[in-house]
Amino acid sequence: MELPFLKPKKRDLTGLLAAIHGNKGDETLARFMPDKAWDGLSEYLTPEKVDRGHVLMSQGALDRTLYFVESGALRVHFSNTHGQVQLAVLGAGAVVGEGSFFSQIERNATVQATQPSVLWALTPQQFEQMTRKDPVSALHLAMALGAVLSTRMLDVSRKIAVT
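One structure accompanies this document, and this report is about it. (Residues numbered from 1 in each chain as written. Predicted model: local features only at pLDDT ≥ 70, side-chain atom pairs only at ≥ 80, totals over all residues. Heavy atoms only, no water.)

**Things to note about the packing of aromatic side chains**
A complete count under the given rule lists 3 aromatic pairs for this structure. Both rings, one in Trp38 and one in Phe68, keep their centres 5.5 Å apart while their planes meet at 80 degrees; by these two values the pair is edge-to-face. Here Trp38, found in helix H2 (residues 35-41), pairs with Phe68, found in strand E3 (residues 66-71); they are 30 residues apart in sequence, far enough to count as distant. Both residues of the pair, Trp38 and Phe68, count as buried. Centroid distance Phe101 to Phe127: 5.5 Å. Interplanar angle 75 degrees. Geometry classified as edge-to-face. (Phe/Tyr/Trp six-rings, centres within 6.5 Å; stacked < 30°, edge-to-face > 60°. Helix = DSSP H or I, 4+ residues; strand = E, 2+ residues; numbered from the N terminus. Buried < 20%, exposed > 50% of the residue type's maximum accessible area, 1.4 Å probe, protein only.)

Structural data, given as structure tokens:
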């Protein structure tokens, strides 16, 4: 028996979908994920508003949360003995965190908001629930994230920007 107050709520992803369709980069989810799959995903995403300077992911952390960017900008960088190296700046319509989401290894970069941002978070636990309740949408998401990951890995200039 499913208790109504525990049932995930469908969220309005209109702004996120507009951002995804407005993203013209090679790695945009619009290329890889059908719109119908977002209906199933909407029940499992959690909206987050973050301020400029907020650190979403820290290099070396074991957190596996995946984020979709509705608005704002995120700076991806890593630190080494020579200082910080900027890997990417991600804007509306991007996804970040796919590497650790799948691999269960520590983050290889830090991701920080460079301006106030609206994000949608998906934890591995939420994804696991989704795989049981809506396996078709979960498969679409997994394949789309795999395509984004592959696209980023094939782009030599951003090869290490998989977070």
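From this point, the narrative continues.
**Considerations on the pattern of salt bridges**
Per the stated rule, a full pass over the model turns up 4 salt bridges. Where Asp63 meets Arg107, a salt bridge forms, and the shortest distance between an N and an O atom there is 3.1 Å. Here Asp63 is found in the loop between strand E2 (55-57) and E3, whereas its partner Arg107 is found in the loop between helix H3 (98-103) and strand E7 (110-113), with 44 residues between them in sequence. By relative accessible area, Asp63 is classed as partly exposed at 32%. Via salt bridges that share partners, Glu27, Glu98 and Arg152 belong to a single interconnected network. (Salt bridge = Lys/Arg side-chain N within 4 Å of Asp/Glu carboxyl O.)

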